[in-house]
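Here is what each chain is made of, one letter per residue.
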Amino acid sequence: MEVQSFMLFVQQIKEKAKYVLEFINREYVRKVAASNMTGASGHRRVPQYFYEQMPIPDAPNRVIEKIVNDCDAVNKEVEEAKVQIAQLESEIDKAFFHAAKNAIKALRLSDSRIFNLSIGRRVVSNEIVQDGQYKVVSANVHDEFGRINHSVLDDFSVPSVLWGIDGDWMVNYIEKDILFAPTDHCGVIRVLDETEILPKYLTYPLLKAGEQERFSRANRASTERVRALEITVPDIDVQKDVVDKVLECEVKIAEAKTLISSSEERKQAILDKYLK
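Residues numbered from 1 in each chain as written. Predicted model: local features only at pLDDT ≥ 70, side-chain atom pairs only at ≥ 80, totals over all residues. Heavy atoms only, no water.

### Remarks on the nonpolar core
Turning to step 1, where the next piece is worked out: Within the largest apolar cluster, 40 residues are counted, with the highest numbers of intra-cluster contacts made by Phe115, Ile189, Ile197, Leu206 and Val226.
Turning to step 2, where the next piece is worked out: Residue assignment for this core shows that the elements contributing at least two residues are α4 (61-101), β2 (115-119), β5 (160-164), β6 (171-174), β8 (186-191), α5 (199-212), β9 (230-233) and α7 (236-261).
Turning to step 3, where the next piece is worked out: In terms of nonpolar packing, the next biggest core, distinct from the first, is built from 16 residues, Tyr19, Phe50, Met54 and Ile270 among them. (Core = buried A, V, L, I, M, F, W, Y, C linked by side-chain atoms within 4.5 Å. Buried < 20%, exposed > 50% of the residue type's maximum accessible area, 1.4 Å probe, protein only. Helix = DSSP H or I, 4+ residues; strand = E, 2+ residues; numbered from the N terminus.)

Spelled out as structure tokens, the structure:
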């Protein structure tokens, strides 16, 4: 009996530790903690007294057990979603890789019958507004830099393929009808002849061609250098199959990311359910 009581005590201690971790690891607490950081730049940290003075609601062991079990279930779903995303991203890479093995046609990005290349314009800080009509895209072509109410582009009826000019080499795809404003650190490619290459398929050979040229912060991916690139592509039907596969995977990836992003809110709901 003494052994069983001791094991139960240990289990309760573990559950209380998990409970405290879930409580202090909430997004709200992390933001408040960040605002209380001390120390010089590069050595800033949350002072110990911040957590020592934080009131943590006490609760019966049975309630703590329920909180921990429910939060663990959410955490498990998050980890499974992360694994799924990695697997889906691998499937996308494999689809492009196998299609590239069957590439039969060389295309130059300087061919004005097929491609239109342009760059954006400089955006200064006082142009950024909270609810701007256009999302600003700069050298990091995967992230939104801010919002603005004008764009150097006036036609969004076709998709765009973006590349970063003054940063790490990266490529992104923007679907048609999405309003965006590229800066002078972002290049834009529009495909004029989709019987030759599909815009979404272009992202892969463009990325690989840039990697081969070792584009980087030091080796700037200027419009002239990108225009000089030559890519090889498979038959258009093969491209269509790849794009269909990519779109299918991207839908599942988006669902998994939504599940991950909602996990904080779901765990807060669990805390509220048992503590309020």
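### Here's the deal with the environment of Leu206
Turning to step 1, where the next piece is worked out: Examined against the element boundaries, Leu206 turns out to sit in helix α5.
Turning to step 2, where the next piece is worked out: On the accessibility criterion, Leu206 (0% relative accessible area) is buried.
Turning to step 3, where the next piece is worked out: Separated by 75 residues in sequence, Leu206 and Asp131 have C-alpha atoms that sit 33 Å apart.
Turning to step 4, where the next piece is worked out: Excluding residues that lie within four positions of it along the chain, Leu206 makes contacts with Leu109, Val161, Trp169, Val171, Ile189, Val226, Leu229 and Ile231. (Contact = heavy atoms within 4.5 Å.)

### A look at the environment of Val233
Turning to step 1, where the next piece is worked out: For Val233, the position within the fold is in strand β9.
Turning to step 2, where the next piece is worked out: Residue Val233 is classed as buried on the basis of its relative accessible area of 0%.
Turning to step 3, where the next piece is worked out: A C-alpha to C-alpha distance of 8.5 Å links Val233 and Glu196, two positions 37 residues apart in sequence.
Turning to step 4, where the next piece is worked out: Once you skip the residues sitting within four places of it in the chain, Val233 turns out to touch Ala103, Ile104, Lys105, Leu107, Glu196, Ile197, Tyr201, Pro205 and Gln239.

### Topic: the sheet that holds β6
Turning to step 1, where the next piece is worked out: Read from one edge to the other, the open sheet built from four strands follows the order β2-β8-β5-β6, with strand pairing classed as antiparallel. Here the strands that pair on one side only, and so sit at the sheet edges, are β2 and β6. Neighbour-to-neighbour, the strand axes of this sheet turn through a mean angle of 25°, independent of strand direction.
Turning to step 2, where the next piece is worked out: Pairing geometry for β5 and β6, over four bridges, is antiparallel. Its bridge partner being in β6, Ser160 is matched across the sheet by Ile174.
Turning to step 3, where the next piece is worked out: Helix-sheet contacts for α5 involve β2, β5, β6 and β8, and the interaxial angle to β6 is about 175°. (Pairing = 2+ DSSP bridges. Axes fitted to C-alpha atoms, helices over the stretch in contact; angles between N-to-C directions.)

### Considerations on the pattern of salt bridges
Turning to step 1, where the next piece is worked out: Counted under the stated rule, the structure contains 17 salt bridges.
Turning to step 2, where the next piece is worked out: Glu27 is paired through a salt bridge with Lys31; the nearest N and O atoms lie 3.5 Å apart. You can see Glu27 and its partner Lys31 sitting in helix α2 (residues 27-35), four residues apart, about one turn around the helix.
Turning to step 3, where the next piece is worked out: What makes Lys31 exposed here is its relative accessible area of 55%. (Salt bridge = Lys/Arg side-chain N within 4 Å of Asp/Glu carboxyl O.)

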